[in-house]
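Spelled out, the chains give:
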Amino acid sequence: MSRSEHDQRTNSLTLLPHQSQFVETVFSTSSKRIVLLRAAVGLGKSAALAGVALRLFRDRPTARSLALVPRALQSQFVDRLKRIEVPACIVDRYVFRELLDVPTDVAIWLAGT
């Protein structure tokens, strides 16, 4: 097995400096509740978001996270998360509405996804 194949099968993620800075900004105690990630195509927004998800689930394994991704990129994003062993699922607006109709004493979706 080559090194790149091994890296793809482990939950490691190599981020560029600007992506690492974004992850640090998200988890900084001085940052706002909502952090906006906006950049031109090809600058690694998906990798930065995957880095946030990886750190979140390493720190809090039962956490839940929602990422709004354009439909054309959903499968790609879920595949990226699964390669770094972050559990993920695709939920469209209809399934999301069904999840919201669940009684308030029940979790909307499984912890750790």
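**Describing the overall build of the protein**
A count of helices and strands for the protein gives five helices and zero strands. Looking at the 113 residues of the protein, the share that counts as buried comes to 19%. Long-range pairs, those at least 24 residues apart, make up 67% of the contacts in the protein with a sequence separation of at least 6. When the accessible surface of the protein is summed, it comes to about 8700 Å², and 55% of that surface belongs to carbon and sulfur atoms.

**Comments concerning the nonpolar core**
Ranked by size, the top nonpolar core spans 12 residues in total: Ala50, Ala53, Leu54, Leu56, Phe57, Ala63, Phe77, Val78, Leu81, Ile84, Val86 and Ala88. Elements with a contribution of two residues or more to this core: helix 3 (45–59) and helix 4 (74–83). Sorting elements by how many residues they give to this core places helix 3 first, with five residues. Those residues in contact with Ala53, other than ones at most four positions away along the chain, are Leu81 and Val86.

**Concerning the side chain of Gln74**
For Gln74, the location among the structural elements is in helix 4. With a relative accessible area of 17%, Gln74 lands in the buried category. Once residues within four sequence positions are removed from consideration, Gln74 is found in contact with Val69 and Ile90.

**Thoughts on unusual backbone geometry**
Its identity as a non-glycine residue notwithstanding, Glu85 has a phi of 65 degrees, on the positive side. Mapped onto the secondary structure, Glu85 falls in the loop between helix 4 and helix 5 (93–100).

**Brief notes about helix 3**
A rise of 1.5 Å per residue sets the reference length of helix 3, with its 15 residues, at 21 Å; its end C-alpha atoms lie 21 Å apart and thus fit the reference within 8%. Along helix 3, the residues that are buried comprise Ala47, Ala48, Ala50, Gly51, Val52, Ala53, Leu54, Leu56 and Phe57. The secondary structure elements touched by the buried residues of helix 3 are helix 2 (17–27) and helix 4.

**Regarding the packing of helix 3 against helix 4**
Relative orientation of the contacting elements helix 3 and helix 4 amounts to 45 degrees, with a least axis distance of 10 Å. If you check the angle between helix 3 and helix 4, you find them oblique. Remark: the crossing between helix 3 and helix 4 carries right-handed chirality. Contacts between helix 3 and helix 4 involve Ser46, Ala47, Leu49, Ala50 and Ala53 from the first element and Phe77, Arg80 and Leu81 from the second. Its residues assigned to classes, the contact of helix 3 with helix 4 comprises six nonpolar, one polar and one charged.

**Focus: the confidence of the model for the protein**
Here the protein shows a mean pLDDT of 82. Residues at 70 or above account for 81%. Across residues 1–10, where pLDDT falls below 50, the model places eight contacts with residues more than four positions away in sequence or in other chains.

Definitions and cut-offs
Residues numbered from 1 in each chain as written. Predicted model: local features only at pLDDT ≥ 70, side-chain atom pairs only at ≥ 80, totals over all residues. Heavy atoms only, no water. Helix = DSSP H or I, 4+ residues; strand = E, 2+ residues; numbered from the N terminus. Buried < 20%, exposed > 50% of the residue type's maximum accessible area, 1.4 Å probe, protein only. Contact = heavy atoms within 4.5 Å. Areas by Shrake-Rupley, 256 points an atom, 1.4 Å probe, with all protein chains shown as cover. Core = buried A, V, L, I, M, F, W, Y, C linked by side-chain atoms within 4.5 Å. Expected span 1.5 Å × (residues − 1). Axes fitted to C-alpha atoms, helices over the stretch in contact; angles between N-to-C directions. Parallel < 35°, antiparallel > 145°, perpendicular 65-115°, else oblique. Left-handed = near helix turned anticlockwise from the far one by under 90°. Nonpolar A, V, L, I, M, F, W, Y, C, P; charged D, E, K, R; others polar. pLDDT = per-residue confidence, 0-100.

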